[in-house]
Amino acid sequence: AMQSWLQPFDLLYTAGVQAFFQGDWSQSRDYLQRALLSYTLLRQVKVSCQAQCQREAPLHVWLKDLSFMDAVLQRSECLEHCERLQLGPPTRHKVSSAVHKEFKRREPYNFLQAAYFKLGQMDAALAAAHTFFVANPQHAQIREDLGKYRNLQGVHWDSVRDLEALPYWKAYEEGMHHYNVQNYTQSILRLETSLKEVFMSLDECRALCEGTQEEETHTETQQKVYEIIAGWYVQLLKCKQACVKEIATKPGQKYPIHDFIPSHFHLLHSAYAAVNDGAAAVENILTYLLFYPRDDSAQEKLQQYRERFGEKEGVRARENVRAYIQQSLGEKRLIFYAMESLDVSFEDPDAWTPEENISEAVKDKLRAEKQKRREEEQEEERVEEERAAEEEQRGPLPFEGPRVTLDSRQLNGSHRVVLDGVLTWPECQEILRLARTPAGSGDGHQERRSPHTPHEHYKSLSVLKAVKLAGEGAVATPGIRLFLDAGERSRRIVESYFRTETSLFVSYTQLVCRTALEGKQDGRVDLSHPVHADNCVLDPEGRECWKEPPAYIHRDYSAVLFLNDDFEGGDLFFTDLDAITTTAEVRPTCGRLAAFSSGGENPHGVRAVTSGRRCVIALWFTHSSEHAEKERKEAEQLLTQTEISSPQEGSTSQRSSAPHETKNAQGRKQRVSPTERVRLTREEL
Ligand SMILES: O=C(O)CCC(=O)C(=O)O
Ligand SMILES: [Fe+3]
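Worth saying up front: this structure is predicted, and the values here are computed from it rather than measured.

Visitor: I'm lost on the overall build of the chain in this one. Help?
Guide: Tallying secondary structure elements over the chain gives 21 helices and 15 strands in all. For the chain, buried positions account for 46% of its 685 residues. Sequence separation of 24 or more characterises 73% of the internal contacts of the chain that already satisfy a separation of 6 or more. Approximately 36300 Å² of the chain is accessible, and the part contributed by carbon and sulfur atoms is 52%.

Visitor: Looking at this structure, how should I read the environment of Q186?
Guide: Its place among the elements puts Q186 in helix α9 (residues 184-209). On the basis of relative accessible area, Q186 is assigned to the partly exposed category, the value being 27%.

Visitor: Before we go on, may I ask you to explain the site of ligand 1 in this structure?
Guide: Close to ligand 1 lie R514, H529, H532, D534, V560, L572, H604, V606, R614, V616 and W620. At 2.8 Å from an oxygen atom of ligand 1 is found a side-chain nitrogen or oxygen belonging to H604. At 2.7 Å, a side-chain N or O of R614 approaches an oxygen atom of ligand 1. Calculation on ligand 1 without its partners gives an accessible area of 290 Å², and the protein chains cover 92% of this total. If you list the elements that add at least two residues to the shell around ligand 1, you get β6 (529-532), β14 (604-606) and β15 (609-622). Broken down by element, the shell around ligand 1 gets its largest block of residues, three residues, from β15.

Visitor: How should the packing of aromatic side chains be read in this particular structure?
Guide: A complete count under the given rule lists 25 aromatic pairs for this structure. Look at W169 and Y172: their rings are 6.1 Å apart centre to centre, the planes differ by 80°, and that puts the pair in the edge-to-face class. Highlighted residues: W169 and Y172, both in helix α8 (residues 167-180), separated by three residues, approximately one helical turn. Summarising the burial analysis for this pair, W169 and Y172 share the class buried. Each ring, one from Y305 and one from F309, has its centre 6.0 Å from the other, and the planes form 50°; the classification is tilted. On the criterion of helical spacing, the pair formed by Y305 and F309 is a turn pair, its members being four residues apart in helix α13 (residues 296-309). On the basis of relative accessible area, F309 is assigned to the buried category, the value being 17%. Three or more aromatic residues joined by ring pairs make a cluster, and in this case those are F9, Y13, F20, W25, Y39, F103 and F111. Here the basic side chain of K148 rests over the ring of F117, its NZ or CZ set 4.9 Å away from the ring centre.

Visitor: Hey, could you run me through the packing of α9 against helix α14 (residues 319-341) in this one?
Guide: When two helices pack together, you describe them by how their axes are tilted relative to each other and by the distance separating the axes. The interhelical angle for the contact between α9 and α14, taken along N-to-C directions, is 30°, at an axis separation of 13 Å. Comparing their axes, α14 and α9 come out roughly parallel. Here the hand of the crossing between α9 and α14 comes out left-handed. Residues F199, L202 and R206 of α9 form the contact with α14, whose own contacting residues are N320, V321, Y324, Q327 and E331. Looking at the contact of α9 with α14, its residues break down into four nonpolar, two polar and two charged.

Visitor: Looking at this model, I keep getting lost on the pairing of strand β11 (residues 572-575). Mind explaining?
Guide: Within a regular beta strand, the side chains point alternately toward one face of the sheet and then the other, so they alternate between its two faces. Neither face of β11 is exposed, since L572 and F574 on one face and F573 and T575 on the opposite face are all buried. Of the strand pairs in this sheet, β11 and strand β12 (residues 582-586) are connected by four bridges, and their pairing is antiparallel. Residue pairing for β12: L572 is matched across the bridge by V586. Where β11 folds back on β12, the antiparallel hairpin that results is connected by six residues, among which A579 adopts a positive phi of roughly 65°. Sheet topology note: the β11/β14 ladder contains three bridges and is antiparallel. Counterpart to F573 in the pairing with β14 is G605.

Visitor: I would appreciate a short explanation of the coordination of the iron ion (ligand 2) in the present structure.
Guide: Octahedral metal centres with six donors ideally show angles of 90 or 180 degrees, and tetrahedral centres with four donors ideally show 109.5 degrees. Each protein donor to the iron ion (ligand 2) is listed here as H532 (NE2), D534 (OD) and H604 (NE2); together their distances run 2.1 to 2.2 Å. Binding-site remark: the iron ion (ligand 2) is held by donors from one chain whose sequence spacing is H-x1-D-x69-H. Judged by its relative accessible area of 7%, D534 is buried.

Visitor: Mind showing me how you'd approach the nonpolar core here?
Guide: Generally speaking, nonpolar side chains in soluble globular proteins are found buried as a group. Core analysis: the largest hydrophobic core is formed by 45 residues, its most contacted members being I431, L434, I480, L511, L563, I617 and F621. Sorting elements by how many residues they give to this core places helix α18 (residues 477-497) first, with eight residues. Discounting residues that sit within four places of it in the chain, I617 has contacts with I431, F483, A486, T509, Q510, L511, A559, V560, L561 and L563. Core analysis: the second largest hydrophobic core is formed by 44 residues, A281, L286, I325 and W352 among them.

Rules behind the numbers
Residues numbered from 1 in each chain as written. Chains lettered and ligands numbered in written order. Predicted model: local features only at pLDDT ≥ 70, side-chain atom pairs only at ≥ 80, totals over all residues. Heavy atoms only, no water. Helix = DSSP H or I, 4+ residues; strand = E, 2+ residues; numbered from the N terminus. Buried < 20%, exposed > 50% of the residue type's maximum accessible area, 1.4 Å probe, protein only. Contact = heavy atoms within 4.5 Å. Areas by Shrake-Rupley, 256 points an atom, 1.4 Å probe, with all protein chains shown as cover. Near = heavy atom within 4 Å. Polar contact = N/O pair within 3.5 Å; in protein donor to acceptor, adjacent residues only side chain to side chain. Phe/Tyr/Trp six-rings, centres within 6.5 Å; stacked < 30°, edge-to-face > 60°. Lys NZ or Arg CZ within 6 Å of the ring centre and 35° of its normal. Axes fitted to C-alpha atoms, helices over the stretch in contact; angles between N-to-C directions. Parallel < 35°, antiparallel > 145°, perpendicular 65-115°, else oblique. Left-handed = near helix turned anticlockwise from the far one by under 90°. Nonpolar A, V, L, I, M, F, W, Y, C, P; charged D, E, K, R; others polar. Pairing = 2+ DSSP bridges. Donors = N, O, S within 2.8 Å, 3.2 Å for Na, K, Ca; no water. Core = buried A, V, L, I, M, F, W, Y, C linked by side-chain atoms within 4.5 Å.

Shown next as structure tokens:
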């Protein structure tokens, strides 16, 4: 019989994200839901196949003669068969570790919540948003979104829950709480539940290690067969060991809870003693002593319990915990052994590993690695602090009107800012008219296929060309004056906000429109503008940016002043040096300014414009007077002449614009400072 097998979750996720950026919310929601389901089912199948094959094809054989290999082959066949039954024939498809990480960070829920929101499914949106927030409490955008949901009517706040919650965290926390308020009976119930579920989750996590290998094993040098087996096996053991850390780390937290598993027994023995269950108190202190046999205060407690409750014949430490410790120590022993001879690094997730199990050489190595990790963490913290300090140093805005909407921290980067209100709506309309000149009018103006994608048209206009067009009467002068002024306004904002050491000059100004070509958008996966940095040549593989020609190395700051939002797609986004990991997205809208330093710290690109036309003023600034835009000066002079020779500037515009647009034309005086202008237009509004 035909059976439809599970579709790969990464492909479903990609399809969901793609539909999202095309604004197809219901499609996006459906794909994302299926991706999450596929992810969960796949893990369930793998865990259950592991369990089944552990029973059917046990591996308790020693590496003598051929029986070991025999067992390995049988296990392998069992797993293959089990997974084939449930997942279909094996494929070459391999999920990248980047996607694995995104699922771990619950990234799909962020898209899903936004899609639900657009579809008006508010309760679902809230649940998905909360689920994402729990794992990403620092995420600025989700905080903002949740704040938005909070103000909406008819949202059921009481029913909001974490859709990915692992059951033991709730039990553990309630157990701690009851313990702290000396409600021991309840505390015992919760902590026992937590323990049971912790070990179940631990088993699942460890079983998943036996699935596909995450890390590619390096095969640069020629390896012998036993080296390959050893390398592979050590990877497996390290993966299993790492599960303790994973289990003990709450979603959204950076570090695991110290001694998470042993601490259960510590709490339990006192809780049982408090309710006078002597046998259980002794059992749990003995279990705790399995981890820390030389803990004096625990030994003392054991003595006290024996005196208080009498000798408890036959009461012993918990057998499953003893087995677990033995298993874990066995794994550690092999890893330590490998560390001595092979180039193996390891972070011991447990504090209880007995000293005598570790050789001096390995101790040194563990210490050195720990030191390295600490230094890396300190470096991370330092960068974070620097970023915070950077924010505090931000200068004031030079005039009234614009306001900062997102700072570097909220944009997950450095030297980035998004401001709103740099242009008013009528101003955007006036500038947009410049871009609406019919194709072919005037030699200065270009409309052609985009240099970046075959799915879009691309039109650019420099300030000088714009002024020349005005001279020919092809465009209205108020728009051009605004075009020039918008550049100057942006320059002043950037100079002041980033407190640049010397003044900035505009080095280039361009009005750029990207138009989606109808009928050429199906299945589109490319970008409107590929990821790049503005003053250096980006090398994503090497994670470097080369500040050398052909890059425009004199550019110090970049700005994009958005003019409209009546199109689909076209978000500006920032990435890491890898040109893949998106760190921030900026949705264009009239008067919004995205400004950032032009170097390798700010790789950026533009998402595909899939319908309509997206227009912006792109600006680059420089500290070097030699690179100041010469055209700008010339344009200023020419424009002033034109304005003097035709004081009724509104009249020239009539020819090139549709009648309904003239209502936005402003016949007011043009010689006003930006401050006055903002005030003026505000009063007009
Ligand atoms: O249009 C945009 O949003 C950015 C364009 C850009 O990055 C560039 O032209 O260098
Ligand atoms: Fe750029």
